[in-house]
Amino acid sequence: MKLIPVRSYDDYISANIILGRLKGEDINCFLQDENTVTTIPFLSNITGGIKLLVPEQEVKRAIELLESFENNPA
């Protein structure tokens, strides 16, 4: 399963909220570099932030959901 980064976040709270919302829509997704950015925040720029990864076959639906979340916050 190839994972594709679809968004990145500077803080773990925002990343986990979106992760939970996508999982609630049955999208398998994962966070990469969450521990690094959380424990050593100044590395966020170096690592590219906390990356939200989704399987390649679910990218289109995940992006559509992310855009709807941004336009209609809960």
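Here the structure is shown first, and the text comes after it.
What you see is a predicted model, and the numbers here were worked out from it, not measured in a lab.

*Asks:* Lay out the overall build of the protein with the relevant residues and their values.
*Replies:* Scanning the protein from N- to C-terminus turns up 4 helices and 3 strands. Counting from the amino terminus, the protein carries its helices and strands in the arrangement β-α-β-α-α-β-α. Taking 74 residues into account, the globule formula puts the C-alpha radius of gyration at 11 Å, and the protein, at 12 Å, falls close to it. Considered along the principal axes of its C-alpha atoms, the protein spans approximately 30 × 30 × 15 Å. Looking at the 74 residues of the protein, the share that counts as buried comes to 34%. Taking as baseline every contact in the protein between residues at least 6 positions apart, the subset at least 24 positions apart corresponds to 66%. Summed over its atoms, the accessible surface of the protein is roughly 4800 Å², and 52% of this surface lies on carbon and sulfur atoms. Computed over 7 positive and 11 negative side-chain charges, the inter-centroid distance for the protein is 3 Å.

*Asks:* Summarise a nonpolar patch on the surface; cite the residues concerned and give the values.
*Replies:* On the surface, M1, L3 and F30 cluster together into a nonpolar patch covering about 310 Å² of accessible area. Checked against the element boundaries, M1 lands in the segment before β1 (3-9). In this structure M1 comes out as exposed when scored by relative accessible area, which is 71%.

Thresholds applied
Residues numbered from 1 in each chain as written. Predicted model: local features only at pLDDT ≥ 70, side-chain atom pairs only at ≥ 80, totals over all residues. Heavy atoms only, no water. Helix = DSSP H or I, 4+ residues; strand = E, 2+ residues; numbered from the N terminus. Rg over C-alpha atoms; globule rule 2.2 N^0.38 Å. Buried < 20%, exposed > 50% of the residue type's maximum accessible area, 1.4 Å probe, protein only. Contact = heavy atoms within 4.5 Å. Areas by Shrake-Rupley, 256 points an atom, 1.4 Å probe, with all protein chains shown as cover. Lys, Arg positive; Asp, Glu negative; His and termini not counted. Charge placed at Lys NZ, Arg CZ, Asp CG, Glu CD. Patch = residues over 30% accessible without salt bridge, like charges linked within 9 Å, V, L, I, M, F, W, Y side chains within 5 Å. Salt bridge = Lys/Arg side-chain N within 4 Å of Asp/Glu carboxyl O.

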